[in-house]
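Read off the chains here:
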Amino acid sequence: MTNAPHILVIDDELQIQRAIRTILSEKGFTVTTASRGEEGLTLAAAREPDIIILDLGLPDMDGVEVCTRLREWTQCPIIILSVREREADKVNALDAGADDYVTKPFNPREVVARVRAVLRRSELG
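So, a few notes on the structure that sits alongside this text. (Residues numbered from 1 in each chain as written. Predicted model: local features only at pLDDT ≥ 70, side-chain atom pairs only at ≥ 80, totals over all residues. Heavy atoms only, no water.)

1. Topic: the pairing of strand E1 (residues 6-10)
- Counting buried residues along E1, 5 of its 5 residues qualify, which places the element largely inside the surrounding structure.
- Side chains His6, Leu8 and Ile10 of E1 all project onto a buried face; the interleaved residues Ile7 and Val9 project onto the opposite face, where all are buried too. (Buried < 20%, exposed > 50% of the residue type's maximum accessible area, 1.4 Å probe, protein only. Helix = DSSP H or I, 4+ residues; strand = E, 2+ residues; numbered from the N terminus.)

Okay, here's the thing in structure tokens:
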């Protein structure tokens, strides 16, 4: 059994899933992926991740809805990773309960740093 922080990535782009899995696995994190919102909600309930990285543009539902539904039962930190750059999209996601927001394309080092920062804040809370 591992004590590595567990990250759930909910993103329908397989290249993004693979990139994030590789980046975070190399830093010692355990990564699980989901391609759809409902699948992500199910995995979040079953596996209780330490952080969720969530895309807003999912095929079955908007990521803001996923975030809202997650907040009904968990305080797990959520980092939005989305191509949407508009201020309104960022504000809506943060108001729905997201803890951070990163736009695509992303810098791998920045994503790792934000994951670590969110983990630090959640451990203090």
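2. Some words on the environment of Arg109
- The residue Arg109 is located in helix H5 (residues 108-124) in this model.
- Overall, the relative accessible area of 72% leaves Arg109 in the exposed class.

3. Remarks on the sheet that holds strand E4 (residues 78-82)
- Spatially, E2-E1-E3-E4-E5 is the arrangement adopted by the 5 strands of the open sheet, whose pairing is parallel. The open sheet has two edge strands with one neighbour each: strand E2 (30-34) and strand E5 (100-103). Between one strand axis and the next, the sheet turns through 20° on average, direction left out of account.
- Direction of pairing for strand E3 (residues 51-54) relative to E4: parallel, over a ladder of 3 bridges. Residue pairing for E4: Ile52 is matched across the bridge by Ile78.
- Of the strands in this sheet, E1, E2 and E3 are in contact with helix H2 (residues 37-47), which crosses E2 at around 145°. (Pairing = 2+ DSSP bridges. Axes fitted to C-alpha atoms, helices over the stretch in contact; angles between N-to-C directions. Contact = heavy atoms within 4.5 Å.)

4. Structural notes on the nonpolar core
- Core analysis: the biggest nonpolar cluster contains 22 residues, and Ile10, Ile52, Leu54, Val66, Ile78 and Ile80 have the highest contact counts within it.
- At the level of elements, E1, H2, E3, helix H3 (63-71) and E4 are the ones that each hand at least two residues to this core.
- A total of 4 residues in this core trace back to one element, the largest contributor, which is H3.
- With residues near it in sequence (within four places) discarded, Ile80 still touches Leu54, Leu56, Ala93, Ala98, Asp100, Tyr101 and Val102.
- Counting residues in hydrophobic clusters, the runner-up holds 19 residues, among them Ile16, Leu81, Val111 and Val112. (Core = buried A, V, L, I, M, F, W, Y, C linked by side-chain atoms within 4.5 Å.)

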